[in-house]
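Chains, contacts and geometry: an overview
Below are the chains, spelled out letter by letter.
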Amino acid sequence: MGVYELSGAGSIKTGRTLYTSMNAGNQYGAMVPIGSHTFSGSTSDIEFTNIPQTYQDLFFTVYGRATFAANDVLIQSYVNNDFSTIYSTTRLEGDGTNAYSNRQTGNSGLQYGYIPSANSTTGAFGSITGHILNYANSTTFKTALARHANDRNGGGTTGLYVGLYRSTAPITRLGIATYGVGNFVAGSQITLYGIRAVSS
Amino acid sequence: MVWIAGSTVGAGGAGNLIFNNIPSGFTHLQFRCFMKSTRSDIAIGFNPILAQFNDDTANNYANHMLRGDGSSATSSATAPNNYAYFGQMPGSVSTEANIFSSSVIDILDYSNTNKNKTVRVISGYDTNGASGVQTALLMSTAWFSTAAITKINVRFDAYGNPFAQFSRVDLYGITSSQVTGA
């Protein structure tokens, strides 16, 4: 059985066989862990550096709670140690009463969504998953997709955030942080994965 | 998760990206799309990425979406329809330069011959508040067919404009069996 891939540039091509058979012996995983960190409670961010440029996309997970004296805290990313106002976000969000959308421009980080913080229900952690496609591309800006689940037993939000990093530079460093609004509590965990294609 | 096939659009654009003879041995499929339309006459309000399964061009699809454009959240549905939605993409006006949408599309149980198929999508792009219409999008499509999905045609936009250079689509299979490697 063949798998056909559209190939070539500039026009519709007839399919060509990419490879002729699929079996367990020839398969390998496309989601590869790059790094993972479990917080001790005394830091507000983790930065992944020297990110290999051999993957197609990046995928990350955040399962966390913050120490700041508030109900919840916004989690953001700084890319390539760039804290300039080169980021923007479009949000789609629901808070249990209303569904709404807003946008932010001139941000100093990619925004991903909220996690519970010190004033929220004890033991409540938030969950964020994010995708950054084509992170190693040097000709396009970077678009991030992040979903968050921040349920605080009567409060909270869930949503989809779309972020833009207006730089064509490949992403070699990625920090995920509370941006100084408290630390991650002990036990919070962040993991970064590379998503690869067979040629990478 | 295993990479099955992919395509990156070269100079001049591409109209259709066809994935044929999709192996039936996976449990689920996932598409990962980084897309842009070549349309340049106007910033596009809603420019969906379209897809059809097994050459089915009939009205056997139904869609729902929850969309945020940076100002308001709206919900809509289309039934029947003759496309699945795989997300949305920006055009090529100057305010959208270098901006591509990201979309992740999941098709669970794609080869089951006892069930109709459901597509789930997260998609979006941001234009830094420029006159393009940014979007954060949750979409679903029901394809009313119990046929196993063996072919998927990811089509150029609803206005007939090809995909722009550097757009890409990658297809992955998600298996429930153990595989070697990472």
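Bear in mind that the values here come from a model prediction, so they are computed numbers and not experimental data.

Re the overall build of chain A
- For chain A, the count of helices and strands is zero helices and 14 strands.
- For chain A, the N- to C-terminal ordering of α and β elements is β-β-β-β-β-β-β-β-β-β-β-β-β-β.
- Considering only contacts in chain A between residues 6 or more positions apart, those separated by 24 or more positions represent 73%.
- When the accessible surface of chain A is totalled, it reaches about 7900 Å², and 48% of it is carbon and sulfur.

Considerations on the confidence of the model for chain A
Residue and element names in this part refer to chain A.
- The predicted model of chain A has a mean per-residue pLDDT of 86, with 85% of residues at 70 or higher.
- Across chain A, strand β10 (residues 126-133) holds the top mean pLDDT of 98, while strand β2 (residues 16-19) sits lowest at 28.
- Segment residues 1-27: pLDDT under 50, and 67 contacts once partners within four positions in sequence are set aside and those in other chains are kept.

Regarding the interface of chain B and chain A
- Taken together, the contact between chain B and chain A spans 60 residues of the former and 54 residues of the latter.
- For the interface between chain B and chain A, the tally reads two salt bridges.
- Salt-bridge contacts for B:R32 lead to A:D57; the nearest nitrogen and oxygen are separated by 2.7 Å.
- Between the two partners, chain B and chain A, sit 18 residue pairs in polar contact (both at pLDDT 80 or more).
- Among the secondary structure elements, those contributing two or more residues to the side of chain B that touches chain A are β1 (2-8), β2 (16-19), β3 (28-35), β5 (61-68), β8 (101-108), β9 (117-125), β10 (135-143) and β12 (168-174) of chain B.
- Considering each element in turn, the side of chain B that touches chain A owes the most residues, seven residues, to β1(B).

Let's talk about the confidence of the model for chain B
- Across chain B, the average pLDDT comes to 90, with 93% of residues at or above 70.
- For this predicted complex, the interface confidence score (ipTM) comes to 0.93, while the overall pTM stands at 0.89.

Looking at the sheet that holds strand β13 (residues 174-177) of chain A
All names here are of chain A.
- Reading across from one edge, β4-β13-β6-β9 is the order of the four strands in this open sheet, with antiparallel pairing throughout. Each edge of the sheet is formed by a strand with only one pairing partner; in this case those strands are β4 (45-48) and β9 (110-116). The sheet shows a mean angle of 20° between the axes of neighbouring strands, taken without regard to direction.
- Pairing of strand β6 (residues 72-79) with β13 involves four bridges; the strand directions are antiparallel. When the sheet's bridge partners are listed, S77 is paired in β13 with I176.

Concerning the sheet that holds strand β4 (residues 48-53) of chain B
Residue and element names in this part refer to chain B.
- The strand order across the open sheet formed by four strands is β2-β11-β4-β7, and the pairing between neighbours is antiparallel. Strands at the two margins of the open sheet, each flanked by one partner only, are β2 and β7 (84-88). The average angle at which neighbouring strand axes cross in this sheet is 20°, direction not considered.
- Looking at chain direction, β4 and strand β11 (residues 152-155) are connected through four bridges and run antiparallel. Counted as the bridge partner of A51 is V154 from β11.

Side note on the environment of B:M35
All names here are of chain B.
- Relative to the elements of secondary structure, M35 occurs in strand β3.
- Taking the relative accessible area as the measure of exposure, M35 reaches 0% and is therefore buried.
- Apart from the residues lying within four places of it in its own chain, the contact partners of M35 are L17, I49, M89, P90, F100, S101, F163, S167, R168 and V169.

Overview of the pattern of salt bridges
Residue and element names in this part refer to chain A.
- One pass over the full model with this rule turns up eight salt bridges over all chains.
- Here E47 ties to R173 by a salt bridge, and the two come within 2.8 Å at their closest N and O atoms. Of this pair, E47 sits in strand β4 while R173 is found in the loop between β12 (156-165) and β13, placing the two residues 126 residues apart along the sequence.
- A relative accessible area of 29% means that R173 is categorised as partly exposed.
- Of the charged contacts, one joins D72 and R152 as a salt bridge, the two residues approaching to 3.2 Å between their closest N and O atoms. In this pair, D72 sits in strand β6 while R152 sits in the loop between β11 (142-151) and β12, placing the two residues 80 residues apart along the sequence.
- Looking at R152, the relative accessible area reads 16%, which means it is buried.

A short note on the side chain of B:T135
- Tracing the chain through its elements places B:T135 in strand β10.
- Given a relative accessible area of 0%, B:T135 falls into the buried group.
- Those residues within four positions of B:T135 in sequence are excluded, and the remaining contacts are A:T90, A:V162, B:R67, B:G68, B:D69, B:Q88, B:S123, B:G124 and B:Y125.

Rules and cut-offs
Residues numbered from 1 in each chain as written. Chains lettered and ligands numbered in written order. Predicted model: local features only at pLDDT ≥ 70, side-chain atom pairs only at ≥ 80, totals over all residues. Heavy atoms only, no water. Helix = DSSP H or I, 4+ residues; strand = E, 2+ residues; numbered from the N terminus. Contact = heavy atoms within 4.5 Å. Areas by Shrake-Rupley, 256 points an atom, 1.4 Å probe, with all protein chains shown as cover. pLDDT = per-residue confidence, 0-100. Salt bridge = Lys/Arg side-chain N within 4 Å of Asp/Glu carboxyl O. Polar contact = N/O pair within 3.5 Å; in protein donor to acceptor, adjacent residues only side chain to side chain. Pairing = 2+ DSSP bridges. Axes fitted to C-alpha atoms, helices over the stretch in contact; angles between N-to-C directions. Buried < 20%, exposed > 50% of the residue type's maximum accessible area, 1.4 Å probe, protein only.

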